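Chains, contacts and geometry: an overview
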Amino acid sequence: MNIFRTKNVSLDKTEMHRHLKLWDLILLGIGAMVGTGVFTITGTAAATLAGPSLVISIVISALCVALSALFFAEFASRIPATGGAYSYLYAILGEFPAWLAGWLTMMEFMTAISGVASGWAAYFKGLLLQYGISLPKALNGTFNPQDGTFVDLLPILVLLFVTLLVLLNAKAVLRFNSLLVILKFSALALFVLVGIWHIKLDNWSDFAPYGFGQIYGASTGIMAGASLMFFGFLGFESISMAVDEVKNPQKNIPRGIVLSLSIVTILYALVTLVLTGIVHYSQLNVNDAVAFSLRSIGISWAANYVSLVAILTLITVCISMTYALSRMIYSLARDGLLPGTFKKLTKTSKIPKNATILTGLASAIAAGIFPLASIASFLNICTLAYLMMLAYGLIKLRRGKGLPAKGEFKTPFVPLLPILSIVVCLSFMLQYNAETWFAFLVALLIGSFIYFSYGYKHSSIEVMDTSNNNG
């Protein structure tokens, strides 16, 4: 048994249409990243963790994410294949490590989709309540019979809607997503342009009320804020999963990742500065911080516009991540590690239909039944684990295949930056408690069981070897 057998999946032919341009990729990345991070988490993090110095937390978090983005960019340039970290590690570290990276990516995206859908439902319920409308209690909360709630219906409905959208022609869906992203930018631009005239410098006088914090296990301070704001950048890797549908992927994938991450970092920093300048940080521990701050200075019309756009914004995150996760499942099925039914494409639009349906149903069930607030740290630890694997993979890529060729993206300062990334990711992981680590280890065991009971025997490499031996 050779669980470290490698396969260059960039050589696999795809039947998908190559129609996405650089601008489509940038909007896909922004659509995945800009959501609850800017509309909600910035206020909560400023109020409870870092104060106005949250802007420094954002820069630190962005630098940590940028390291991994550089690695994604070089891999996407040298091994252009759908599936993200899974496909890259398949060619460098081997099948089993690649499977684990793919498994962790699947859990990250499914949990993120479910969480965003639940957040969307919370915003929408608040909007309905203003008009005296509410769902029956049994359909208005996650499974808790003692409290009289059995299923949260709204996030299920929105995810079914998103799934139907993603099943349409991919180009049309991403055009719709791009329209919503532009609408999102209009709301945030309005907030910055209106709010900048109402900034009170006194609100920044106590710039770092919680101090810097600690590198490991910080409960408050700038470093704790950086750990929380890490969630605001999750989703940038969705760009690399669209490689089979991208024109000139070796150039456009790296550019899309770097540009979208840069735009989001600047956007987060501007919004945080204006937010903490308008309202004292101690008052920002609310779910709708951006709209709340506008209402506090008497600009209700702008606050209502921001609230409405925030609801639409969360849908763009669901679209981007559902799109990416369905391509992840397609890649695993194409390589034989998941059942072949998930690699089937529709005849006309070439969409991985069954993979998209599985993504939608699994995410909808999780969002409707399970409370997701308590597993945010689980989502994060899964992400950090495979980002560490990716950093190590880049070191091995350079050792085995040398420097990138002319025209390919080159990560600077290798192996220094990959080692730094591993240290940073590990420092974030060590902040989580024993329960999170237990859940993480259980997830790894389940993923390993699936691989050894199904994936190894059905892998395209194993099937090819068996056919050659029989021949």
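Rules used in this analysis
Residues numbered from 1 in each chain as written. Predicted model: local features only at pLDDT ≥ 70, side-chain atom pairs only at ≥ 80, totals over all residues. Heavy atoms only, no water. Helix = DSSP H or I, 4+ residues; strand = E, 2+ residues; numbered from the N terminus. Buried < 20%, exposed > 50% of the residue type's maximum accessible area, 1.4 Å probe, protein only. Contact = heavy atoms within 4.5 Å. Areas by Shrake-Rupley, 256 points an atom, 1.4 Å probe, with all protein chains shown as cover. Phe/Tyr/Trp six-rings, centres within 6.5 Å; stacked < 30°, edge-to-face > 60°. Disulfide = S-S within 2.5 Å. Axes fitted to C-alpha atoms, helices over the stretch in contact; angles between N-to-C directions. Parallel < 35°, antiparallel > 145°, perpendicular 65-115°, else oblique. Left-handed = near helix turned anticlockwise from the far one by under 90°. pLDDT = per-residue confidence, 0-100. Salt bridge = Lys/Arg side-chain N within 4 Å of Asp/Glu carboxyl O. Core = buried A, V, L, I, M, F, W, Y, C linked by side-chain atoms within 4.5 Å. Patch = residues over 30% accessible without salt bridge, like charges linked within 9 Å, V, L, I, M, F, W, Y side chains within 5 Å. Expected span 1.5 Å × (residues − 1).

**Quick word on the overall build of the protein**
Helix and strand counts for the protein stand at 16 helices and zero strands. Each of the 471 residues in the protein was classed as buried or not, and the buried ones make up 57%. Taking contacts inside the protein between residues at least 6 apart in sequence as the whole, the part at least 24 apart equals 83%. Working note: accessible area of the protein is about 19,000 Å², and carbon and sulfur atoms make up 68% of it.

**Structural notes on the environment of Phe109**
Secondary-structure assignment places Phe109 in helix H5 (residues 95–129). As a C-alpha pair, Phe109 and Met321 span 212 residues in sequence and 6.3 Å in three-dimensional space.

**Overview of the packing of aromatic side chains**
Within the structure shown, the criterion is met by eleven aromatic pairs. When the centroid spacing of 5.2 Å and the interplanar angle of 5° are considered together, the rings of Phe75 and Tyr88 count as stacked. Within this pair, whereas Phe75 is found in helix H3 (residues 54–78), its partner Tyr88 is found in helix H4 (residues 85–92), the two being separated by 13 residues in sequence. Neither Phe75 nor Tyr88 differs from the other in exposure class; each is buried. Aromatic pair Tyr451 and Phe452: ring centres 5.0 Å apart, planes at 75°, arrangement edge-to-face. A relative accessible area of 0% means that Tyr451 is categorised as buried.

**Concerning the environment of Ile92**
Checked against the element boundaries, Ile92 lands in helix H4. Sequence separation between Ile92 and Arg5 is 87 residues; the distance between their C-alpha atoms is 9.3 Å. Residues in contact with Ile92, not counting those within four places in the same chain, are Thr6, Phe75, Ile79, Gly393, Lys396 and Leu397.

**A word on the side chain of Ser363**
If you trace the backbone, Ser363 turns up in helix H12 (residues 353–369). The contacts of Ser363, once residues within four sequence positions are left out, are Met110, Ile113, Ser114 and Leu159.

**Overview of the state of the cysteines**
For the structure shown, the criterion picks out zero disulfides. Here Cys64 is not cross-linked by a disulfide; its sulfur's nearest cysteine counterpart is in Cys425, at 7.5 Å. For Cys64, a relative accessible area of 15% puts it in the buried group.

**A word on the packing of helix H6 (residues 153–166) against helix H11 (residues 300–334)**
Remark: H6 packs on H11, axes separated minimally by 10 Å, with the N-to-C direction vectors making an angle of 60°. For the element pair H6 / H11, the angle class is oblique. For the pair H6 and H11, the crossing hand works out as right-handed. Here Val158, Leu159, Val162, Leu165 and Val166 of H6 lie close against H11, whose contacting residues are Ile315, Cys318, Ile319, Thr322, Tyr323 and Arg327.

**Quick word on the packing of H3 against H4**
For the pair H3 and H4, the least separation of the axes is 10 Å and the interaxial angle reads 65°. Judged by the inter-axis angle, H3 sits roughly perpendicular to H4. Between H3 and H4 lies a crossing whose hand is left-handed. For the pair formed by H3 and H4, the contact residues are Phe72, Phe75 and Ala76 on the first element and Ala85, Tyr88 and Ile92 on the second.

**Thoughts on the confidence of the model for the protein**
Taken residue by residue, the protein gives an average pLDDT of 82. The fraction at 70 or more is 87%. Helix H16 (residues 460–470) is the least confidently modelled element of the protein, averaging 66 in pLDDT, while helix H15 (residues 434–458) averages 92, the highest of any element.

**Focus: the pattern of salt bridges**
Inspection of every chain in the model, using the stated rule, returns four salt bridges. One salt bridge connects Glu74 with Arg398, and the closest N-O pair in it is separated by 2.9 Å. Here Glu74 is found in helix H3, whereas its partner Arg398 is found in helix H13 (residues 376–401), with 324 residues between them in sequence. When its relative accessible area of 14% is taken as the criterion, Arg398 is described as buried.

**A few points about the nonpolar core**
In terms of nonpolar packing, the biggest core is built from 142 residues, with Phe72, Trp99, Phe191 and Phe233 touching the most fellow members. In this structure, Trp99 is in contact with Tyr86, Leu332, Leu337, Leu338, Gly447, Ser448, Ile450 and Tyr451, ignoring residues within four places of it in sequence.

**Some points on unusual backbone geometry**
Glycine aside, residues mostly have negative phi angles, and peptide bonds mostly take the trans form. A cis amide bond, omega 15°, links Val414 with the succeeding residue Pro415. Positive phi, close to 55°, is recorded for Phe413, a residue that is not glycine. Here Phe413 is to be found in the loop between H13 and helix H14 (416–429). Look at Phe413 and you get exposed, because its relative accessible area is 61%.

**Side note on a nonpolar patch on the surface**
Taken together, the side chains of Leu157, Leu160, Leu361, Ile365 and Ile369 make up a nonpolar region of the molecular surface, amounting to roughly 410 Å² of accessible area. Taken together, the elements giving at least two residues each to the nonpolar patch come down to H6 and H12. Looking at the nonpolar patch element by element, the count peaks at three residues for H12. Within the element layout of this structure, Leu157 appears in helix H6.

**Considerations on H11**
Compared with the 51 Å implied by 1.5 Å per residue over 35 residues, the 51 Å span of H11 between its first and last C-alpha is a close match. In terms of burial, H11 is largely enclosed, as 29 of its 35 residues are buried. Just downstream of H11 lies Gly336, where phi reads positive at about 85°.

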